[in-house]
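Below, each chain spelled out in residue letters.
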Amino acid sequence: MNAIDYAKKVSELFAVPETAARVKSLIDDEKSDANSIGNVVMSDPGLAAHILKVANSAIYRFPRKIDKVQRAIQVIGTSAVYDYALVFGVSNAFSSEQRQFVDLDKFWEQSVCCAILAKHFGELKGIKDADRLFISGLLHNIGELVVLKVSPNRAKDCARFDTKIMPKESQHESLGFTYAEISAALSQQWLLPDSIVSTLAMQHHDDSAAETIDVQIMQLAYQLSIINTYSQHYQLESHLPAFLYESLGLDDEDIDEAIDSANYQVEQIIHLFNPDVFQVA
């Protein structure tokens, strides 16, 4: 199977939840507003609670507590409601039995770390809509969950990386392609914006600096999140090519600050996406 085949294979397992589909149709309707979208979200208590938690989290750093779904939607943006609804559905689609094949705690830690770093660098570079980079980071490795659902033993093989082989290289050896390609195919299937799909697809094309700033940021955020999450295997000095941050006008100090910030924020928000992690007080 190729990456598109994998994405098609889980079209029912990872189908767009009914509530999310209704939200998407309202987002695409110019006449709709936060109130109409909020009414749909509130019809799904689990999703409504999730949206409120996200809006009140360190992701958005809103100064006052948000207790109304409509206000939460105004804070995070209408398009982000659909994105978070997808992630909410996926995060609840796995059983404890599947943990024997893949370390799901590490999966979410690395995904959330990548998302935080991507948004951080986006804000550092003055990108207006840096939140879209957070979503790209959060979804960048969703292909791993696809393979876990379809071919759990293949997912287990892909997780056999170490100091000598990076995760993307392990994936390519086992599958003939990487999780990034499946992530992009599934995101396209979910009708996410082309800017997100292309960023996901290009994240491992990192032999030289990418042409667009979104991809440059994603390549840097991905590599840093891998090094940070799997520090027993990888170090900044030997596994972070300098051009990944120099092409963005960043230096070693910027990288150290980004990692410190990400480590703090991961502890604060990972419970939003990994149902098995307790919230840090």
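Refer to the structure above for everything that follows.
Since we're looking at a predicted model, the values are computed, not measured.

Moving on, we come to the pattern of salt bridges. Per the stated rule, a full pass over the model turns up seven salt bridges. The partner of Arg-160 in a salt bridge is Asp-157, and the shortest N-O contact between them spans 2.5 Å. Relative accessible area serves as the criterion here: at 31%, Asp-157 is assigned to the partly exposed category.

Glancing now at the packing of helix H7 (residues 104-124) against helix H14 (residues 213-229). Between H7 and H14, whose axes approach to 8 Å, the crossing angle comes to 140 degrees. Taken together, the axes of H7 and H14 are oblique relative to one another. In this structure, H7 meets H14 at a crossing whose hand is right-handed. The segment H7 lies against H14, with Lys-106, Glu-109, Gln-110, Cys-113, Cys-114, Leu-117, Ala-118, Phe-121 and Gly-122 engaging Ile-217, Met-218, Leu-220, Ala-221, Tyr-222, Leu-224, Ser-225, Ile-226, Asn-228 and Thr-229.

Before going further, it helps to spend a moment on unusual backbone geometry. Residue Arg-61 is not a glycine yet carries a positive backbone phi of 50 degrees. Along the chain, Arg-61 turns up in the loop between helix H4 (45-55) and helix H5 (69-76). Despite not being glycine, Leu-191 shows a phi value in the positive range, around 65 degrees. Looking at the secondary structure, you find Leu-191 in the loop between helix H12 (179-189) and helix H13 (194-202).

A few words now on helix H6 (residues 78-91). With 14 residues, H6 ought to run about 20 Å at 1.5 Å a step, and its terminal C-alpha atoms sit 20 Å apart, in line with that. Buried residues dominate H6, accounting for 10 of its 14 residues. If you check which residues of H6 are buried, you get Ala-80, Val-81, Tyr-82, Asp-83, Tyr-84, Ala-85, Leu-86, Val-87, Val-90 and Ser-91.

This paragraph deals with the environment of Cys-158. Counting through the fold element by element, Cys-158 comes out in helix H10 (residues 152-158). With 56 residues separating them along the chain, Cys-158 and Val-102 place their C-alpha atoms 9.1 Å apart. Contacts of Cys-158, omitting those with residues within four sequence positions, involve Ser-170, Gln-171, Ser-174, Leu-175 and Tyr-179.

Let's shift gears to the packing of aromatic side chains. Applying the stated criterion to the full structure yields six aromatic pairs. Taken together, a centroid distance of 6.3 Å and an interplanar angle of 25 degrees make the contact between Tyr-84 and Phe-273 stacked. Of this pair, Tyr-84 sits in helix H6 while Phe-273 sits in the segment after helix H17 (252-269); the two residues are 189 residues apart in sequence, bridging distant segments of the chain. Residue class for Tyr-84 comes out buried when judged on its relative accessible area of 1%. Here Phe-273 falls in the buried class, since its relative accessible area comes to 1%. Three or more aromatic residues link up through ring pairs in this structure, and these residues are Tyr-84, Phe-134 and Phe-273. One cation-aromatic arrangement involves Lys-106 over Tyr-230; the distance from NZ or CZ to the ring centre is 5.8 Å.

About the criteria used
- Residues numbered from 1 in each chain as written.
- Predicted model: local features only at pLDDT ≥ 70, side-chain atom pairs only at ≥ 80, totals over all residues.
- Heavy atoms only, no water.
- Salt bridge = Lys/Arg side-chain N within 4 Å of Asp/Glu carboxyl O.
- Buried < 20%, exposed > 50% of the residue type's maximum accessible area, 1.4 Å probe, protein only.
- Axes fitted to C-alpha atoms, helices over the stretch in contact; angles between N-to-C directions.
- Helix = DSSP H or I, 4+ residues; strand = E, 2+ residues; numbered from the N terminus.
- Parallel < 35°, antiparallel > 145°, perpendicular 65-115°, else oblique.
- Left-handed = near helix turned anticlockwise from the far one by under 90°.
- Contact = heavy atoms within 4.5 Å.
- Expected span 1.5 Å × (residues − 1).
- Phe/Tyr/Trp six-rings, centres within 6.5 Å; stacked < 30°, edge-to-face > 60°.
- Lys NZ or Arg CZ within 6 Å of the ring centre and 35° of its normal.

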